[in-house]
Amino acid sequence: MMMNPALHSAALLLLLLLPGTLTQDPVPIDVVVVNSQHSTPLTYPTHVAHRGILISALKRLMDSNENFKFTYTEDPNYGPYLKSVNGLAGSDKDRTYWELLVKTPDGKIIRPNVGIGCYIPSKNEKIILKFSKW
Ligand code: B12
């Protein structure tokens, strides 16, 4: 049986478009470390896979840049908890922690309601790791 010509060209178009839809470009982001003890924030340009989670970008950044390091603990309910950045750890005694903030390209600062294991960064976001008090 012959294929309908319109269907045939639609199928052909789909085949041509498929590689582009299957492979997605990495998403560029900045990781910004803010610690009031340092006057200027440190900015690390990096990237995350399309729809990838923040912790994977932080791990890749740590592997590729000796000036960035972080540690985390595993919470039984909420997953990875960001414990230290560049050698400075949050402490229950001092009521300090690394707060996760995000500056979107339009300049808004949001405080995600999930941690580094769940947050999915979008293109050109500044991921702010801010040493804070609670
Ligand atoms: C108090 C609290 C905090 C305090 C904890 C201080 C302390 N050591 O006691 C501080 C201010 C540090 C905090 C921080 C954050 N929190 Co909080 N926190 C809570 C809250 C209100 C109560 C937790 C509690 O004391 N439970 C009672 C104790 C007995 O149980 P527990 O299991 O031992 O509690 C521990 C965990 O909850 C852990 N914890 C607290 N927050 C978070 C967040 C993440 C991602 C992880 C892995 C662990 C964790 O700290 C508690 C004490 O050790 C809950 C909401 C709720 N009502 O449960 C949100 C909650 C757990 N936090 C939440 C979030 C999102 C955060 C932040 C990511 C916010 C941000 N954008 O910065 C950060 C963590 C950043 C990081 N460093 O990884 C979310 C987690 C949701 C999710 N699926 O990821 C919750 C559910 C609130 C919400 N938005 O709905 N948090």
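Residues numbered from 1 in each chain as written. Predicted model: local features only at pLDDT ≥ 70, side-chain atom pairs only at ≥ 80, totals over all residues. Heavy atoms only, no water.

For the protein chain, the name recorded in an unreviewed UniProt entry is Transcobalamin-like C-terminal domain-containing protein, with Scophthalmus maximus as its organism.

**Here's the deal with the site of the ligand**
In plain terms, the rule: If even one non-hydrogen atom of a residue comes within 4 Å of a molecule or strand, that residue is called near it. The definition of a polar contact used here is a pair of N or O atoms within 3.5 Å, where within protein one atom must be able to donate a hydrogen and the other to accept one, and adjacent residues in sequence count solely through side-chain atom pairs. Helix and strand assignments follow DSSP, with helices taken as H or I runs no shorter than four residues and strands as E runs no shorter than two, numbered in order from the N terminus. Residue type decides the class: Asp, Glu, Lys and Arg count as charged, Ala, Val, Leu, Ile, Met, Phe, Trp, Tyr, Cys and Pro as nonpolar, and the leftover types, Gly among them, as polar.
The environment of the ligand is formed by 17 residues, the closest being Leu-82, Asp-92, Trp-98, Leu-100 and Pro-112. At 3.0 Å, a side-chain N or O of Asp-92 approaches a nitrogen atom of the ligand. The contact in question runs from an oxygen atom of the ligand to an N or O atom on the backbone of Gly-115, over 3.3 Å. Mapped onto the shell around the ligand, the elements with two or more residues apiece are strand S4 (79–85) and strand S6 (96–103). Among the residues making up the shell around the ligand, the classes are represented as 10 nonpolar, three polar and four charged.

**Points about the pairing of strand S3 (residues 70–75)**
Moving residue by residue along a regular strand, the side chains alternate between the two faces of the sheet. This is how the line gets drawn: A pair of strands is treated as paired once DSSP finds two or more bridges between them.
Of the strand pairs in this sheet, S3 and S4 are connected by six bridges, and their pairing is antiparallel. Note that in S4 the partner of Thr-73 across the bridge is Tyr-81. Between S3 and S4, which pair antiparallel and follow one another directly, the connecting turn spans three residues.

**Some words on helix H2 (residues 54–64)**
Note that an α-helix has 3.6 residues per turn; residues three or four places apart therefore point the same way. To keep it simple, the criterion reads: Relative accessibility decides the category of a residue: with a 1.4 Å probe and only protein chains considered, values under 20% of the type maximum give buried, values over 50% give exposed, and everything between is partly exposed. This arc describes the spread of directions from the helix axis toward the C-beta atoms. Any two residues whose heavy atoms approach within 4.5 Å at even a single point are treated as in contact.
Residues Leu-54, Ile-55, Ala-57, Leu-58 and Leu-61 constitute the buried set of H2. Taken end-on, H2 shows its buried residues confined to a sector of 160°, consistent with a single buried face. What points out from H2, more than 90 degrees from its buried face, is the exposed set Asp-63 and Ser-64. Where H2 is buried, its residues meet strand S1 (27–34), strand S2 (42–48), S3, S4, S6 and strand S8 (126–133).

**Re the nonpolar core**
Stated formally: In this text, buried Ala, Val, Leu, Ile, Met, Phe, Trp, Tyr and Cys residues form a nonpolar core when linked through side-chain atoms within 4.5 Å.
Formed by 23 residues in total, the largest nonpolar core has its most connected members in Leu-54, Leu-58, Phe-68, Ile-116, Ile-127 and Leu-129. For this core, the secondary structure elements donating two or more residues are S1, S2, H2, S4, S6 and S8. Of the residues forming this core, the biggest block, five residues, is contributed by H2. Leave out the neighbours within four places in its chain, and Ile-127 touches Ile-29, Asp-30, Val-31, Val-32, Leu-54, Leu-100, Leu-101, Val-102, Tyr-119 and Pro-121.

**A few points about the pairing of S8**
Across five bridges, S1 lies against S8 in parallel orientation. Looking at the pairing, Asp-30 lines up with Lys-126 of S8. Note that S6 and S8 share eight bridges and pair antiparallel. The residue of S8 that forms the bridge with Leu-101 is Ile-128.

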